[in-house]
Structures are given as C-alpha cells and as structure tokens.
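# Notes for the structure review
So you can see what is in the structure, the chains are spelled out below.
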Amino acid sequence: MNVGSLFSVKDKVVLVTGGSRGIGEMIATGFVQAGAKVYISSRSVKACDETSHRLTALGPGTCHSLPADLQKLGDIKSLITQLTKLESHLDVLVNNSGATWGAPIDEYTDEAFTKVVNLNLNRVFTLTQACLPLLRAKATAENPSRVINIGSVNGIEPPSFESYAYSSSKAGVHHLTRHLAGRLGKEHILVNAVAPGPFASKMMAATLKAKGDEIVAGIPVHRIGSPEDIAGTCLYLSSRAGNYTTGAIIPVDGGSLIGHKL
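Here's what I pulled together on the structure shown here. (Residues numbered from 1 in each chain as written. Predicted model: local features only at pLDDT ≥ 70, side-chain atom pairs only at ≥ 80, totals over all residues. Heavy atoms only, no water.)

Turning our attention to the overall build of the protein chain. The helix and strand inventory of the protein chain stands at eight helices and seven strands. Compactness check: the protein chain gives a C-alpha radius of gyration of 18 Å against a globular reference of 18 Å for 262 residues, within 12% of the reference. C-alpha extents for the protein chain along the principal axes are approximately 50 × 45 × 40 Å. Expressed as a percentage of its 262 residues, the buried residues of the protein chain come to 51%. Across the protein chain, contacts joining residues at least 24 apart in sequence account for 75% of those joining residues at least 6 apart. (Helix = DSSP H or I, 4+ residues; strand = E, 2+ residues; numbered from the N terminus. Rg over C-alpha atoms; globule rule 2.2 N^0.38 Å. Buried < 20%, exposed > 50% of the residue type's maximum accessible area, 1.4 Å probe, protein only. Contact = heavy atoms within 4.5 Å.)

Quick look at the structure:
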C-alpha cells in the first residue's frame, strides 16, 4: 500500500460546472492545489475567465475556462466539443451547477419550479451522458473515472423554508446518482453524490445573513462549512482512496441533519 499517493489526483483531468464561484470554486481550488488540470464552466464568461486565472496562479495544477449556460442544450454540446478538442479523456466530472428559488406555496410559479429542476436535475443527466465518451476513454478497474454530483442535505430532509423545487431536485440528484452508479460501475465509472450543509456560498448568503446564528447553533460542530471540507471530500472520492466507493450520498454538513434531533 502506497499511503503517500492514496489521496493523489495529480495530473487528473477534471471538469467542474458552476466552478467560478461558491462551492464549485471551492472544489476547483482544491483540485488545482492538488495538482490536477481543471476546467471550470459557468454562464458568465467574465467570471469564468477571472476565476480560472486566479486559481491557476495558486498552482501547482492549472485551471481553464469553458463558459457555458447549462440550461441550453446547444451550450452543452459546444462545451463537450471544446473539451474533446483539448483532452482525449476526462477523469472526473463534478456536476455542481445549480439554482434555487424560494416563494410561498401559493405564489410558487411553474416557470420557477421548471427552471430549477431542469438545471439541478435534468442537466446533471444530460451532461453526464454527453461526457460518457471522455469518461470511458481511460477508465480501468485500477483507475476508474468519477462522476461527483453535488446534492444537498435538503434533498435528504426537507428544509423549513419554502424552496420546493430545490429540495425536490436534490432528492432526485441523489436517486439519479445511485441509478447511474449501478449502471456505470461495470464500465469503471464511479458515481457518488456529496450533500453539503450550510456553506458560505452566494446561494446561501441571504439565508446566512438572516439566520446565520440560528443555523450555526443547530450544527453540532457549531460552524458552517469551509472550502477544505467540501474540497477534501471530492478529493477523496476522486483518488485511489475512493476506488471502492460508488452510489454513496455523503453529507458534508457538520452534523446538521442530526443536530435538531439531539
């Protein structure tokens, strides 16, 4: 056993969607600092370019910008075309892009529900499907390719606030993860989901500002998540250490799921 390389992702090719900010940026940063070649995607060309330059400066890995609006099938096709021109294979796909919407149940529009579910769930399947040729290209039993879907603790237990489409879509992501893991394992592609609790992301900013102290008080470790917490979990899943883990839904939440029960 080579413990020194057990968690290594050096020189792996990684695609992180929604990688220009928030949890996606945290994950991308971890891969870059661990020596991987990372591609990040987001709707904003400016944000994607700026983040890629900033992360590459951290080294020793590199970060490259591939902007795309994943709501649009044409953008997904273009993203895969560009990536295929640049790389012969993909070691790790991190499906992180997502959106949320909150409104009282009587005011929750069909348009909002459909948009959130489309990005958070439908496009996880669409992009994973589109990436399969690249994921299959170098996958072996000794070095499987990986798909990491970013779910949520709200997909395990519904939140108290009215974000119906978000929690439902994340529960769907968890179930899709297990379904894909069962199908793709025979092709040496491991599929897992990470279910983050509270992190200092743009999506959580308003909630943390309004109820930050209350949220922290309900977390057994009495803090919100750090970049190292989410990046470390993804590095484990992408390294030799995670070769026998597939179909798992891993909460990274400081115990928030159980905190209110104690």
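The rest of the description comes next.
The parallel open sheet is built from seven strands, whose spatial order is β3-β2-β1-β4-β5-β6-β7. Lying at the two open borders of the sheet, with one neighbouring strand each, are β3 (62–65) and β7 (249–252). In this sheet, neighbouring strand axes are inclined to one another by 20° on average, regardless of whether the strands run parallel or antiparallel. Alignment of strand β4 (residues 92–95) against strand β5 (residues 145–150), held across four bridges, turns out to be parallel. Of the residues in β5, the one forming a bridge with Val92 is Arg146. Of the strands in this sheet, β1 (13–17), β4, β5 and β6 (189–196) are in contact with helix α4 (residues 110–136), which crosses β4 at around 175°. (Pairing = 2+ DSSP bridges. Axes fitted to C-alpha atoms, helices over the stretch in contact; angles between N-to-C directions.)

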